Amino acid sequence: MLLELHVKNLALIEQADVELGDGLNILTGETGAGKSIIIGSVNLALGQKAPRDIIRSGAEYAWVELVFGVDEEKREKLKALDVTVEEDGILVITRKIMPARSVSKINDETVTVTKLRQVTSLLIDIHGQHEHQSLLHASRHLEILDLYARSRTEPVKEKVGKLYREYRSLEKALEEAGTDEEGRRREVDFLQFEVAEIEEAQVQPGEEEALTEEYRKYVNGQKILESLSLAYQAVETDGISRALQRIGEVAGLDAEIGRIQDQLYDAESILDDVHHAISGYLENVTFDEEHLRQTEERLDRIHTIQSKYGSTVEKIQKVLEEKRARLEQLEHFDEYRNKLEEDYKKVSGQLERQCRQLSKIRKEAALALAQRIREGLLDLNFLDVEFTMEFGRLDHYTASGYDEAEFAISTNPGEPVRPLGQVASGGELSRIMLAIKTVLADSDEIPSLIFDEIDTGISGRTAQKVSEKLSIISRNHQVICITHLPQIAAMADCHYEIAKSVDKGKTVTRIHALDEEQMVEELARLLGGARITDAVRENAREMKKLAARKSV
């Protein structure tokens with residue numbers, strides 16, 4: 001779960017540090033205090049694009065840090081993404097936002113946004129107004145159904161996905177096989193030329209490197225000869241011999257001089273070896289112009305083959321094998337096309353059967369899901385509601401089957417069910433999403449859920465029902481919720497106030513945890529507005545007591 005949130009220099013926040021708890025975490029504050037900035041900071045840490053003006057005025061950068069506690073099951077899944085969690089189970093995600101760029105890190109290792117989202121998708125999920133609106137898109141409905149029936153749909157979806165890829169590959173091959181006779185003849189001629197060119201070149205492993213070294217030696221032949229001749233003359237001098245003669249006259253007089261004499265003998269031996277080596281090289285080396293020309297031509301041929309077919313012998317060989325296989329296909333085209341058609345028919349039949357099986361599972365699961373969502377909606381103060389899922393069939397296959405499915409709802413007696421997007425208001429969408437999340441809570445493996453604007457368009461008894469649903473979800477998940485409704489705030493296991501003030505002429509937003517008495521005072525503010533009386537405080541205290549009983 002999300003243990004800590006640290007924010008620095010983000011919009012109105014100079015610095016904020018929050019330690020979050022289990023269960024239901026509630027964030028409240030006056031309108032404009034900066035509640036949206038807190039959720040926005042989490043979104044930024046998860047990889048959302050940073051607005052240009054997000055860095056606090058006068059600061060060089062903004063910084064967000066999320067500290068997660070990770071259980072053993074999640075550690076294994078993160079390990080599959082090449083992310084190692086320390087023995088204490090702590091995972092730290094940071095994002096530093098600068099004017100020109102931003103840097104994201106997981107446990108101090110810089111990562112791409114793609115990897116960041118892969119990792120965080122296992123740890124936290126944010127549900128805001130945009131996701132409520134996503135219920136207007138029918139494609140989202142099928143995703144929800146598949147998530148609900150995941151244990152049954154996933155194995156079949158894997159088979160469908162594999163068959164679909166094979167199906168599309170065969171379909172593409174058949175389309176390409178429809179080329180006219182003249183086009184095939186031209187392709188055969190060109191392939192024959194390419195195969196012959198590669199085969200005749202006979203490029204060998206290491207040949208290009210060896211020839212390049214030899215060519216460099218030949219090109220620099222004159223320089224090599226001049227330098228070696230001068231070196232030969234230098235080591236040919238009798239300076240060492242004269243030195244040995246003089247040292248020999250006195251070597252017996254001092255042991256130290258004897259050691260110097262030994263060193264001179266060693267030097268003379270080494271120089272003699274060098275002298276012979278240079279002499280041998282000069283005697284054997286030849287710089288034949290014809291050989292140079294042949295080397296240059298061979299290198300040109302190799303480089304031409306490399307530029308056309310691959311930079312290494314392995315790549316060239318792979319291309320050759322592919323071209324031979326394609327040539328074989330075209331030279332026996334009728335057999336090749338017949339085989340394609342047989343394979344296509346076979347895979348199409350297998351794909352149809354698996355899609356049919358997947359559709360059957362979905363339709364069975366949809367009945368149960370729709371009934372559970374309906375029950376959840378009744379709990380959320382939909383007085384009389386019908387909720388179903390309607391299916392259709394696409395005119396083509398996809399990697400997820402051939403189903404198209406859409407939620408349909410009727411909120412008034414006697415009215416027929418209609419697609420969700422044609423009926424539900426913003427407030428109803430948020431409650432429908434909450435009902436769905438409640439149904440999915442048992443199977444949802446993401447430990448931390450954030451609800452933003454869950455109370456849009458609701459009040460009174462409906463707000464009380466929503467608060468109870470959030471409390472239910474928080475039994476199996478850490479829930480973080482921003483709200484302005486006292487009915488929801490009263491259910492808090494942990495309560496945080498977000499407040500705006502002026503410090504040294506600058507507006508700043510701060511967040512701090514509330515104790516039991518401060519929770520009551522904040523509830524009283526939500527209930528009473530500008531004027532908080534003793535009666536309002538007593539009402540707030542009673543709400544807190546009732547909430548404690550309901551959450552048990």
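Here's what I pulled together on the structure shown here. Remember, predicted model here, so these are calculated numbers, not experimental data.

Description of the packing of aromatic side chains
For the coordinates displayed, the defined rule picks out five aromatic pairs. Ring plane angle 25 degrees and centroid distance 6.4 Å describe the contact between Phe 190 and Phe 193, whose orientation is recorded as stacked. Of this pair, Phe 190 and Phe 193 both sit in helix 7 (residues 181-201), three residues apart, which is roughly one turn of the helix. The exposure class of Phe 193 is partly exposed, given its relative accessible area of 46%. Over the ring of Tyr 61 we find Lys 96, and its NZ or CZ is 4.6 Å from the ring centre. The side chain of Arg 393 reaches across the aromatic face of Tyr 402, ending 3.8 Å from its centre.

Observations concerning the nonpolar core
Membership of the largest hydrophobic core comes to 56 residues, with the highest contact counts inside it found for Ile 373, Leu 377, Phe 387, Phe 407, Ile 432, Phe 451 and Leu 470. Counting residues per element, this core draws most heavily on helix 16 (residues 426-440), at eight residues. Once residues within four sequence positions are removed from consideration, Leu 377 is found in contact with Phe 382, Val 385, Phe 387, Ile 409, Arg 431, Ile 432 and Ala 435. Counting 42 residues, the second-largest nonpolar core is a separate cluster that includes Ile 97, Leu 116, Leu 123 and Ile 498.

Overview of the pattern of salt bridges
Tallied over the full model, the rule gives 27 salt bridges. For Arg 152, the salt bridge is made with Glu 364, and the minimal N-O distance between the two is 2.7 Å. Within this pair, whereas Arg 152 is found in helix 6 (residues 150-177), its partner Glu 364 is found in helix 14 (residues 333-379), the two being separated by 212 residues in sequence. The exposure class of Arg 152 is partly exposed, given its relative accessible area of 39%. By relative accessible area, which is 39% here, Glu 364 ends up partly exposed. Of the charged contacts, one joins Glu 171 and Arg 168 as a salt bridge, the two residues approaching to 2.2 Å between their closest N and O atoms. Of the two residues, Glu 171 and Arg 168 both sit in helix 6, three residues apart, roughly one turn of that helix.

Some points on unusual backbone geometry
A negative phi holds for most residues other than glycine; trans holds for most peptide bonds. One non-glycine residue, Asn 9, lies in positive phi territory at about 55 degrees. You can see Asn 9 is positioned in strand 1 (residues 2-10). Since its relative accessible area comes to 12%, Asn 9 is described here as buried. The phi angle at Gln 202 is positive, at roughly 45 degrees, despite the residue not being glycine. Within the secondary structure, Gln 202 is located in the loop between helix 7 and helix 8 (207-219). Under the relative-accessibility criterion, Gln 202 is labelled exposed at 54%.

Regarding the pairing of strand 14 (residues 494-503)
Bridge count between strand 3 (residues 24-29) and strand 14: five bridges; the pairing is parallel. What sits directly across from Gly 29, in strand 14, is Ile 498. Judged from the eight bridges that link them, strand 14 and strand 15 (residues 506-513) form a sheet pairing that is antiparallel. Along strand 15, the bridge assignment pairs Val 502 with Thr 507. In textbook terms, the turn of a hairpin is the stretch between consecutive antiparallel strands, and for strand 14 and strand 15 this stretch comprises two residues, one of which, Lys 504, has a positive phi near 55 degrees.

Description of helix 6
Under the 1.5 Å per step criterion, the end-to-end length of helix 6 is 39 Å for 28 residues, consistent within 8% with the ideal 40 Å. Within helix 6 the residues assigned to the buried category are Thr 153, Val 156, Val 160, Gly 161, Leu 163, Tyr 164, Tyr 167, Leu 170, Ala 173, Leu 174 and Ala 177. Each element contacted by the buried residues of helix 6 is listed here: helix 5 (138-148), helix 7, helix 14, strand 9 (386-398) and strand 10 (401-410).

A few points about the sheet that holds strand 10
Strand pairing in a sheet takes place through backbone hydrogen bonds and is either antiparallel or parallel in direction. Spatially, 9-10-11 is the arrangement adopted by the three strands of the open sheet, whose pairing is antiparallel. Each of the sheet's edge strands pairs with one partner strand only, and the pair in question is strand 9 and strand 11 (418-419). Of the pairings in the sheet, the one linking strand 10 to strand 11 comprises two bridges and is antiparallel in character. Among the inter-strand pairings, Ile 409 is bridged to a residue of strand 11, identified as Arg 418. Where helix 14 meets the sheet, its contacts fall on strand 9 and strand 10, and the angle it forms with strand 9 comes to roughly 165 degrees.

Criteria and thresholds
Residues numbered from 1 in each chain as written. Predicted model: local features only at pLDDT ≥ 70, side-chain atom pairs only at ≥ 80, totals over all residues. Heavy atoms only, no water. Phe/Tyr/Trp six-rings, centres within 6.5 Å; stacked < 30°, edge-to-face > 60°. Helix = DSSP H or I, 4+ residues; strand = E, 2+ residues; numbered from the N terminus. Buried < 20%, exposed > 50% of the residue type's maximum accessible area, 1.4 Å probe, protein only. Lys NZ or Arg CZ within 6 Å of the ring centre and 35° of its normal. Core = buried A, V, L, I, M, F, W, Y, C linked by side-chain atoms within 4.5 Å. Contact = heavy atoms within 4.5 Å. Salt bridge = Lys/Arg side-chain N within 4 Å of Asp/Glu carboxyl O. Pairing = 2+ DSSP bridges. Expected span 1.5 Å × (residues − 1). Axes fitted to C-alpha atoms, helices over the stretch in contact; angles between N-to-C directions.

Spatial relationships are all this shows, so hold off on functional conclusions.
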